[in-house]
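Results of the structural survey
These are the residues of each chain, in order.
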Amino acid sequence: QQILDHYRNPRNYGELDEPTYTHVGENTSCGDEITVDVKLADDGETVEDVAFRGEGCAISQAAASLLTSEVRGMTVEELHDLDRDDVLELLGVEVTPMRIKCAVLAEKVLQDGARIYEGELDVDTTSTE
Ligand code: ZN
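Nothing here was measured: the structure is a model prediction, and the numbers come from that model.

1. Describing the coordination of the zinc ion
Here the zinc ion is held by the protein donor atoms Cys30 (SG), Asp32 (OD), Asp32 (OD), Cys57 (SG) and Cys102 (SG), which lie 2.1 to 2.7 Å from it. In primary-sequence terms, the residues that donate to the zinc ion follow C-x1-D-x24-C-x44-C. Of this pair, Cys30 sits in the loop between strand S1 (21-27) and strand S2 (32-40) while Cys102 sits in helix H5 (residues 97-117), and the two are 72 residues apart along the sequence. Assessed through its relative accessible area of 32%, Cys30 is described here as partly exposed.

2. Quick look at the pattern of salt bridges
For the coordinates displayed, the defined rule picks out four salt bridges. A salt bridge links Arg72 to Asp49, with the nearest nitrogen and oxygen atoms 3.0 Å apart. Of this pair, Arg72 sits in the loop between helix H2 (58-70) and helix H3 (76-81) while Asp49 is found in strand S3 (residues 47-55), placing the two residues 23 residues apart along the sequence. With its nearest N and O atoms 3.7 Å apart, the salt bridge here joins Arg115 to Asp112. Of the two residues, Arg115 and Asp112 both sit in helix H5, three residues apart, roughly one turn of that helix. For Asp112, a relative accessible area of 15% gives the class buried.

3. A short note on the sheet that holds S2
Here four strands make up an open sheet; going across it, the order is S3-S2-S1-S4 and the pairing mixed. Looking along the sheet, the strands with just one partner apiece sit at the ends: S3 and strand S4 (125-127). Here the average twist between neighbouring strands, direction ignored, is 25°. Judged from the eight bridges that link them, S2 and S3 form a sheet pairing that is antiparallel. When the bridges of S3 are listed, Lys39 appears paired with Asp49. Where H2 meets the sheet, its contacts fall on S2 and S3, and the angle it forms with S3 comes to roughly 170°. Relative to the sheet, H5 contacts S1, S2, S3 and S4, its axis offset from that of S1 by approximately 145°.

4. With respect to the nonpolar core
Soluble, globular proteins show a tendency: their nonpolar side chains are buried together. One finds Val36, Val38, Val71, Leu79, Leu91 and Leu110 to be the most contacted residues of the largest nonpolar core, which totals 33 residues. Listed by contribution, the elements that provide at least two residues to this core are S2, S3, H2, H3, helix H4 (84-91) and H5. If we ignore the near neighbours within four places in the chain, the residues touching Val36 are Tyr21, Thr22, His23, Val50, Ala51, Phe52, Val109 and Leu110.

About the thresholds
- Residues numbered from 1 in each chain as written.
- Predicted model: local features only at pLDDT ≥ 70, side-chain atom pairs only at ≥ 80, totals over all residues.
- Heavy atoms only, no water.
- Donors = N, O, S within 2.8 Å, 3.2 Å for Na, K, Ca; no water.
- Helix = DSSP H or I, 4+ residues; strand = E, 2+ residues; numbered from the N terminus.
- Buried < 20%, exposed > 50% of the residue type's maximum accessible area, 1.4 Å probe, protein only.
- Salt bridge = Lys/Arg side-chain N within 4 Å of Asp/Glu carboxyl O.
- Pairing = 2+ DSSP bridges.
- Axes fitted to C-alpha atoms, helices over the stretch in contact; angles between N-to-C directions.
- Contact = heavy atoms within 4.5 Å.
- Core = buried A, V, L, I, M, F, W, Y, C linked by side-chain atoms within 4.5 Å.

This is the structure in structure tokens:
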């Protein structure tokens, strides 16, 4: 129910005017795609604002909506500490192994975007394949 609500009425949907970083990811096995904008505060560490846009299945989009609702005020370090269990807990449902890739897409995009911003990773697109 929560998933359908977030799928139909996604929170934080759209884009930011001046994101610190933008990153895109896809899960081609399901056709999910998510782009995330993150704006860091002046300290360069705290997530001040976040927005996403994308298309795909209900789980992938609901996970992005739920996750982006949680990360404001987190530090980049705390972003990196998120794992699939945090995402599954937010979703609040059993997710089949196939669907795990859908569920964690937004998390991976957020984290990879931060790593690229920090100069620790160099990829154009994150994939949960
Ligand atoms: Zn999916």
